[in-house]
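One letter stands for each residue in the lines below.
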Amino acid sequence: MSLSLWAQVDRYFNQHILHDDPILDATLKESETGGLPNIAVAPNHGMLLTLLAQIQGARKILEIGTLGGYSAICLARALPKDGKLITLEYSPEYAKVARKNIDHAGLASQIEVRVGEAIHTLPELVSEAPFDLVFIDADKPNNLPYFEWAIKLSRVGTLIIMDNVVRDGKVINGNSDDANVKGVREFTEAVGREKRVSATALQTVGEKGYDGLMLIRVNE
Ligand code: SAH
Ligand code: DHB
Ligand code: MG
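What comes next is a walk through the structure. Because the structure is predicted, anything quoted here is derived from the model rather than measured.

A few points about the site of ligand 2
Point 1. All residues adjacent to ligand 2 are Ile39, Asp137, Lys140, Asp163, Asn164 and Arg167.
Point 2. In this structure, an oxygen atom belonging to ligand 2 sits 3.4 Å away from a main-chain N or O atom of Ile39.
Point 3. Asn164 is positioned with one of its side-chain polar atoms (N or O) 2.8 Å from an oxygen atom of ligand 2.

Structure follows, in structure tokens:
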């Protein structure tokens, strides 16, 4: 199975069912112009985030890892008028691009970008918890602490989504010295030990290659 076939299948479905989206197109264009890496979720995964947030009935969403605001915009589109999304970003330059994109999307009153290392900005969110949905998509070596924070900031029924858990299948290598792989594996093993959640991992292929997501529901 070749990447180009995966990309062609993505293109087929996207053309038929995603519809034109000038806001998201502009978000990617501004991100490219700003020199940001091309690592936002793919358009079909962006729509998956919108749908999951809608199905969840989310009113308060937390994102870790903003980049240019692409996934934040997808998630925030599911919010009711008085809903809110807080997104955490390390880079002030990326945050600036994201704020511009969010403004252009008409979501500035609902999305707040907080700059800093997430491990330092997460403790400030205790007073704003619980979140209905948490999307974790930042530095993978910190997946486990981010998951632990997500649980702390959750209620019964919160949905936690972890991006990039497969990484071309590298996740199965228990001897890997890749810090990203180690981060995914430590996190995965902790999910397995955590009795308060149900979880499943989905492998994905497409225009952004071979990767996957984990979906986790907080049960108690
Ligand atoms: N969710 C975005 C993509 C995020 S890419 C989207 O799909 O549109 C990962 C982001 O995490 C990058 O912007 C990177 O700067 C940020 N990041 C890396 N380390 C971080 C840290 N310690 N704290 C907060 N953000 C971090
Ligand atoms: C990378 C990070 C991501 O969050 C992603 O979705 C894809 C790639 C990366 O750091 O390479
Ligand atoms: Mg990602």
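Points about the site of ligand 1
Point 1. Inspection of the region around ligand 1 gives 21 residues, with Gly65, Ser71, Glu89, Ala118 and Asp137 positioned closest.
Point 2. For ligand 1, a nitrogen atom lies 3.3 Å from a polar atom in the side chain of Asp139.
Point 3. Residue Tyr146 places a side-chain N or O atom 3.4 Å away from a nitrogen atom belonging to ligand 1.
Point 4. When isolated, ligand 1 has an accessible area of 580 Å², and the protein chains bury 89% of it.
Point 5. Going through the elements one at a time, helix H4 (70-76) and strand E2 (84-89) are the ones with two or more residues in the shell around ligand 1.
Point 6. Its residues assigned to classes, the shell around ligand 1 shows twelve nonpolar, four polar and five charged.

Focus on the sheet that holds strand E6 (residues 197-206)
Point 1. Read across the sheet, seven strands follow the order E3-E2-E1-E4-E5-E7-E6 without closing on themselves; strand pairing throughout is mixed. Strands at the two margins of the open sheet, each flanked by one partner only, are strand E3 (111-115) and E6. Neighbour-to-neighbour, the strand axes of the sheet open up by a mean angle of 15°, direction not taken into account.
Point 2. Note: strand E1 (residues 60-64) against E2, five bridges, orientation parallel. Paired with Ile64 across the two strands is Leu88, which belongs to E2.
Point 3. Lying on the sheet, helix H3 (residues 43-56) is in contact with E1, strand E4 (131-136), strand E5 (154-163), E6 and strand E7 (209-218); it crosses E5 at an angle near 175°.
Point 4. Relative to the sheet, helix H5 (residues 92-104) contacts E2 and E3, its axis offset from that of E3 by approximately 170°.

Notes on the coordination of the magnesium ion (ligand 3)
Point 1. Around the magnesium ion (ligand 3), the donor atoms from the protein are Asp137 (OD), Asp163 (OD) and Asn164 (OD1), and they sit 2.0 to 2.1 Å away.
Point 2. Within one chain, the residues serving as donors to the magnesium ion (ligand 3) are arranged as D-x25-D-N. Here the residue Asp137 occupies a position in the loop between E4 and helix H7 (143-152), and Asn164 occupies one in the loop between E5 and helix H8 (179-193), the gap between them amounting to 27 residues.
Point 3. Judged by relative accessible area, Asp137 falls into the buried class, the value being 13%.

Quick look at the packing of H7 against H8
Point 1. For the pair H7 and H8, interaxial distance at closest approach is 7 Å and the crossing angle is 35°. Side by side, H7 and H8 meet where Asn143, Leu144 and Phe147 of the first sit next to Gly183, Val184, Glu186, Phe187, Ala190 and Val191 of the second.
Point 2. For the contact of H7 with H8, the per-class residue count stands at six nonpolar, two polar and one charged.

Rules used in this analysis
- Residues numbered from 1 in each chain as written.
- Chains lettered and ligands numbered in written order.
- Predicted model: local features only at pLDDT ≥ 70, side-chain atom pairs only at ≥ 80, totals over all residues.
- Heavy atoms only, no water.
- Near = heavy atom within 4 Å.
- Polar contact = N/O pair within 3.5 Å; in protein donor to acceptor, adjacent residues only side chain to side chain.
- Areas by Shrake-Rupley, 256 points an atom, 1.4 Å probe, with all protein chains shown as cover.
- Helix = DSSP H or I, 4+ residues; strand = E, 2+ residues; numbered from the N terminus.
- Nonpolar A, V, L, I, M, F, W, Y, C, P; charged D, E, K, R; others polar.
- Pairing = 2+ DSSP bridges.
- Axes fitted to C-alpha atoms, helices over the stretch in contact; angles between N-to-C directions.
- Contact = heavy atoms within 4.5 Å.
- Donors = N, O, S within 2.8 Å, 3.2 Å for Na, K, Ca; no water.
- Buried < 20%, exposed > 50% of the residue type's maximum accessible area, 1.4 Å probe, protein only.

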